[in-house]
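Structural overview for review
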Amino acid sequence: MKQAVEKSFRKRFKETRALYWFVVPSLIFYILFKYYPIYGSQIAFRDYSPYLGFWNSPWVGLAHFQRFFDSPDFWNIIRNTLAINLANLLFGFPFPIILAIMLNQLTNQKFKKVVQTVTYAPYFISVVVMVGMLYTMLSPYSGVINVIIKAFGGEPVYFMAERSLYIPIFVISDIWQKCGWNAVVYIAALSSVSAELHEAATVDGANRLHRIWHIDLPCILPTIITMLILSAGQLLTLGFEKSYLMQNSINLGISEVISTYTYKRGLQGGDFSYASAIEMFQSAINFLILVLVNQISKKLGDTALW
Amino acid sequence: MMLKRKTRADAIFDTINVILLVLIMILILYPLYFSLIASFSSPNAVYQGRVIFLPADLTLNGYKKIMSDAAIWTGYLNSIIYTVAGTAANLIFTIPLAFALSRKEFPLGGVYMKLMVFTMYFYGGIIPLYFVVKQMGLLNSIWALILPTLVATYNLIIARSFFIGSIPEDLKEAAFLDGCGYIRFFFLVALPLSKALVAVMALFYAARHWNGYFEALIYLQDERKFPLQLVLRTILIESQNALAAGDDATSVADKQELVDLLKYGAVIVSSVPMLIFYPFVQKYFVKGVMIGAVKG
């Protein structure tokens, strides 16, 4: 029950003082490792010089941003990052939803648990191992796929060195690794769909497919939209680890993305201000897309992050 | 009770559903199964494509080679240390924080939460973070792998929703009448009720420490401090890329022979800890933790 008289802020502060033992250490963490770097990203507007130091390097305004926009690499890495992310979204997004619905239809709980255990497994495999397996399974000499191709008299394909196959391999291996894991959220959402709705529909003669389409999907739609908005806010972000491992000198034209490019130019090449400008550009565009998609979603329906 | 009136259409649906799920499981398991049988086969048999369903030319040479490979074992030990210490630090910071922020009566709690969630969508980037780590003198030490990732905001959100959903206000009031303060209430009442949460958080964080390599790649220079994943990267990826890049064929071939011998075993040995850990925690994924996240 809500208290009749709202306690004053001061009184509540005093009563909950002890909680600061739990909060202050983490606040220090957020200030040092999250907010201080945001403040430090002003290096993008300076021209970093190791002799003058981080805080004494001269201001140069938007020069590094201009340099990035004028660079021949600009369109290339933006296009690669967007293309891989969009392909991932387009093909990777529906699979976990379908898997969750299929799992939800199972009546045998033991079998359901087995399927879940198996589909989660790849998520707990490291990216290094996963990409290592890609190399071995797709090897032109000994890879299983090529053994099969050769058995049917075909020419072996050098998958990992074929530019046009880079995105399909990236997306399919992503689905392999994350489909089961990403289904967890939808399984949780489906488990809270009311059983009465299903019973009523069954009495009215609805079969499985009808009920999935008219009951399950509408019920988990808010979850789907939330996940979609969150993915949209990451359109210019593609994790470093997998891209960096899948890169080789042949596929670089398609595999170089923002995260690997900033690593090479900044941390490896020492062009810190330039790399930081690119990261800031990325962060700003991501944020814009997130706000935009959230607004659109708010207009169209009633699901929104804020 | 559910009506037991299974129509013909439903029976067909069930059959197709089960068949498809079995196919999906085969597709998911095969690469892992292949690595397992290849690790017990001679590299020659693998190379000739004779290892498809069963191991061929059974041998333990790969594992023997791994046992005597100093780099792998140093990496293994390092990874264990980083994972155990890192996960412990993650839990010590995340769980009490999530508990505090789940208390409605905590003034400013909402503000702190918003400030933390904001950093998920707006970040300074890796370059300034690298300078912070460098400035603090953490480069090339275990602290560089632990401190910058102490709290993962996504995990914080999940943990907070869990506490909101599972620690009712009545419980707190009863405990406070008995003379509990927040600290005692957390350790004696809330924490024991949150074993599912602790297990899931431990798994999430441990998987990140065990499987990740980015932090180690940028912060560590000393090879003796490299975690297992960086060692594996050399074995599994760089040797393959040397081939792809068309380097001198004979020098690659020598290295290749050694790599071929131990790569599958290395895959198995490095993946086993996580693969035996997660099924124990799995039952909490949906019911215990994610429900709160879906609603929250």
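Scoring rules and cut-offs
Residues numbered from 1 in each chain as written. Chains lettered and ligands numbered in written order. Predicted model: local features only at pLDDT ≥ 70, side-chain atom pairs only at ≥ 80, totals over all residues. Helix = DSSP H or I, 4+ residues; strand = E, 2+ residues; numbered from the N terminus. Buried ≥ 20, exposed ≤ 12 C-beta atoms within 10 Å, placed from the backbone. Contact = placed C-beta atoms within 7 Å. Rg over C-alpha atoms; globule rule 2.2 N^0.38 Å. Domains from an automatic or database assignment. Nonpolar A, V, L, I, M, F, W, Y, C, P; charged D, E, K, R; others polar. Core = buried A, V, L, I, M, F, W, Y, C linked by C-beta atoms within 7 Å. Axes fitted to C-alpha atoms, helices over the stretch in contact; angles between N-to-C directions. Parallel < 35°, antiparallel > 145°, perpendicular 65-115°, else oblique. Left-handed = near helix turned anticlockwise from the far one by under 90°. Expected span 1.5 Å × (residues − 1). Bend = angle between axes of the 7 residues up to and from the residue.

**Quick notes on the overall build of chain B**
Within chain B, the secondary structure is distributed over 14 helices and 0 strands. For chain B, the succession of helices and strands along the chain, N to C, is α-α-α-α-α-α-α-α-α-α-α-α-α-α. Across the 296 residues that make up chain B, the buried fraction comes to 39%. Sequence-distant contacts, at least 24 apart, represent 74% of the contacts inside chain B between residues at least 6 apart.

**A short note on the overall build of chain A**
Along its length, chain A carries 15 helices and 0 strands. In summary, chain A has a C-alpha radius of gyration of 25 Å against a globular reference of 19 Å for 306 residues, an excess of more than 25%. For chain A, the spread of C-alpha atoms along the three principal axes comes to 85 × 75 × 40 Å. For chain A, the residues scored as buried account for 35% of the 306 residues in total. Sequence-distant contacts in chain A: of pairs separated by 6 or more residues, those separated by 24 or more amount to 65%.

**Considering the domain arrangement of chain B**
It is common to give the size of an interface as the accessible area lost on bringing the parts into contact. Residues and elements named next belong to chain B. Domains assigned within chain B are domain 1 (7–59) and domain 2 (65–295). Averaged C-alpha coordinates put domain 1 and domain 2 at centres separated by 30 Å. On the domain 2 side, the residues contacting the 5 residues of domain 1 number 6 residues. For the side of domain 1 that touches domain 2, the residue count by class is 3 nonpolar, 2 polar and no charged.

**Description of the nonpolar core**
In this structure, Val128(A), Val131(A), Tyr186(A), Ile187(A) and Ala159(B) are the most contacted members of the largest nonpolar core, which totals 127 residues. Top contributing element to this core by residue count: helix α9 (residues 166–190) of chain A, with 13 residues. In terms of domain composition, this core takes at least three residues from each of domain 1 (7–59) and domain 2 (65–295) of chain B. Setting aside residues up to four positions removed in sequence, Ile187(A) forms contacts with Ala100(A), Leu103(A), Asn104(A) and Val286(B).

**A word on the packing of helix α3 (residues 63–70) of chain A against helix α15 (residues 272–300) of chain A**
For any two helices packed against each other, the geometry is given by the interaxial angle and the distance between the axes. All names here are of chain A. Where α3 contacts α15, the axes come no closer than 9 Å and their chain directions differ by 80°. Classed by the angle they form, the pair α3 and α15 counts as roughly perpendicular. Where α3 abuts α15, its residues His64, Phe65, Arg67 and Phe68 lie against Ser273, Tyr274, Ala277, Ile278 and Phe281. Of the residues contributing to the contact of α3 with α15, the split by class is 6 nonpolar, 2 polar and 1 charged.

**Focus: the interface of chain B and chain A**
Between chain B and chain A, the residue contacts involve 81 residues of the former and 85 residues of the latter. No other element matches the 14 residues that helix α14 (residues 249–295) of chain B contributes to the side of chain B that touches chain A. Looking at the side of chain B that touches chain A, its residues break down into 60 nonpolar, 16 polar and 5 charged.

**What about the packing of helix α4 (residues 73–92) of chain A against α9(A)?**
Residues and elements named next belong to chain A. Between α4 and α9, the shortest axis-to-axis distance is 10 Å and the interhelical angle comes to 45°. Overall, the two elements α4 and α9 adopt an arrangement that is oblique. The hand of the α4/α9 crossing is right-handed. Where α4 approaches α9, its residues Ala83, Ile84, Ala87, Asn88, Phe91 and Gly92 are matched on the opposing element by Ile167, Phe170, Val171, Asp174 and Ile175. Residue composition of the contact of α4 with α9, by class: 8 nonpolar, 2 polar and 1 charged.

**Section: unusual backbone geometry**
Residues and elements named next belong to chain B. Of note, the phi angle at Leu108 is positive, near 75°, even though the residue is not glycine. Looking at the element boundaries, Leu108 is found in the loop between α4 (70–102) and α5 (109–121). Located in the positive-phi region is Asn140, a residue other than glycine, with phi close to 65°. Along the chain, the position of Asn140 falls in the loop between α6 (126–135) and α7 (143–146). Residue Asn140 is classed as partly exposed on the basis of its C-beta count, with 13 C-beta atoms lying within 10 Å.

**A closer look at the environment of Ile229(A)**
Residues and elements named next belong to chain A. Examined against the element boundaries, Ile229 turns out to sit in helix α11 (residues 208–232). Judged by the 20 C-beta atoms lying within 10 Å of it, Ile229 is buried. Here the alpha-carbon distance between Ile229 and Val291, two residues 62 residues apart in the chain, equals 9.1 Å. With residues up to four places along the chain from it excluded, the contact list for Ile229 reads Val293, Asn294, Ser297 and Leu305.

**Some details on α9(A)**
The end-to-end C-alpha separation of α9(A) is 35 Å, in line with the 36 Å expected for 25 residues at 1.5 Å each. Where α9(A) bends most, the angle comes to about 50°, and this point is Lys178(A).

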